[in-house]
Amino acid sequence: MKTTTKITPALRFNVLTPLYDRVVRYTTREHRFKSMLLDAASINNGESVLDIGCGTGTLLMAIADRAPAARLTGLDADPNILTIADRKLRAKRINSELVEGRSTDTPFADATFDHIVSTLFFHHLDPADKQATISEIHRVLRPGGSVYVADWGRPTGAFQRLAFYPIQLLDGFATTGEHVQGKLTTRFGGGRFDDVNEIGCLQTMFGTLRLLQATKSGV
């Protein structure tokens, strides 16, 4: 399924893309939530991993630290942020493949990856593109493989709800509304995945991050 949706940079404006790493590091408890996600994923050497919406490659670098021989692929539609990712990964001498493309229509063959990960990406997608991306994840994931997602979710309280408004103003209410309602897990549950579970929750200065895991049937 293809989409004609315009590419939105990670911080909405191209001029802000060079600031992305610092903004995420200091406002989202990045090290903590990505460590939680990778603890759950338990990726091993030799396994194939796709990071959807890989951004500047920070998560790919964290995976390489844990599993240096894992086969890493990053997908992002923004060529500017992929340039940053490529520079960072080369500096660390991390072997990976970076692919420019959309999550709704990926260039990968069926059942290619053992694991798929995604962080702070789904809230950039409108509802139709969220569903199309979930369908693509199911298609390219191997039977028995799992997807691990960390993104904004249902607030833990009134203060966290108020804290999330700046994100909605920046990224749009149309793309983030479902996250406030906690519907991302429900979308994965309706996409032929098994064992869809919330595996973590973290409060940040801009709202509540929730982590989910879903497994593709091995049949």
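In case you missed it, the structure is sitting above this.
These numbers come from a predicted model, not from an experiment.

Chemist: I'm lost on unusual backbone geometry in this one. Help?
Modeler: Both trends apply: most residues other than glycine have a negative phi, and most peptide bonds are in trans. Notably, arginine 93 is not glycine yet its phi reads approximately 55 degrees, a positive angle. Since its relative accessible area comes to 81%, arginine 93 is described here as exposed. Positive phi, close to 50 degrees, is recorded for leucine 120, a residue that is not glycine. Along the polypeptide, leucine 120 turns up in the loop between strand S4 (113-119) and helix H5 (127-140). Judged by its relative accessible area of 9%, leucine 120 falls in the buried class.

Chemist: Help me understand the nonpolar core, please; the structure alone is not making it clear to me.
Modeler: Soluble globular proteins tend to bury their nonpolar side chains together. Among the nonpolar cores identified, the biggest contains 31 residues, and Ile43, Ile63 and Leu72 are the most heavily contacted of them. Secondary-structure elements contributing two or more residues to this core are helix H2 (30-41), helix H3 (58-66), helix H4 (79-91), strand S5 (141-152), helix H6 (158-171) and strand S7 (207-216). Setting aside its immediate chain neighbours within four residues, leucine 72 contacts Val49, Leu60, Ile63, Ala64, Ile94, Asn95, Ser96 and Glu97. Grouped together as the second largest cluster of nonpolar side chains are 21 residues, Leu50, Phe108, Ile137 and Leu212 included.

Chemist: Quick question: what am I supposed to make of a nonpolar patch on the surface here?
Modeler: Where nonpolar side chains cluster on the molecular surface, the patch consists of Leu162, Tyr165, Leu169 and Phe173 and spans about 440 Å² of accessible area. Per element, the largest residue contribution to the nonpolar patch is three residues, and it comes from H6. Topologically, leucine 162 is positioned in helix H6.

Chemist: Explain the sheet that holds S4 here, please?
Modeler: Hydrogen bonds along the backbone pair up the strands of a sheet, which may run parallel or antiparallel. Pairing within the open sheet is mixed, and its seven strands lie in the order S3-S2-S1-S4-S5-S7-S6. Every other strand in the sheet has two partners, leaving strand S3 (96-100) and strand S6 (193-204) as the edge strands with one partner each. With strand direction ignored, the average angle separating the axes of adjacent strands in the sheet is 15 degrees. When strand S1 (residues 48-52) meets S4, the two strands line up parallel, connected through three bridges. Looking across to S4, one finds that valine 49 is bridged to histidine 115.

Conventions used here
Residues numbered from 1 in each chain as written. Predicted model: local features only at pLDDT ≥ 70, side-chain atom pairs only at ≥ 80, totals over all residues. Heavy atoms only, no water. Buried < 20%, exposed > 50% of the residue type's maximum accessible area, 1.4 Å probe, protein only. Helix = DSSP H or I, 4+ residues; strand = E, 2+ residues; numbered from the N terminus. Core = buried A, V, L, I, M, F, W, Y, C linked by side-chain atoms within 4.5 Å. Contact = heavy atoms within 4.5 Å. Patch = residues over 30% accessible without salt bridge, like charges linked within 9 Å, V, L, I, M, F, W, Y side chains within 5 Å. Areas by Shrake-Rupley, 256 points an atom, 1.4 Å probe, with all protein chains shown as cover. Salt bridge = Lys/Arg side-chain N within 4 Å of Asp/Glu carboxyl O. Pairing = 2+ DSSP bridges. Axes fitted to C-alpha atoms, helices over the stretch in contact; angles between N-to-C directions.

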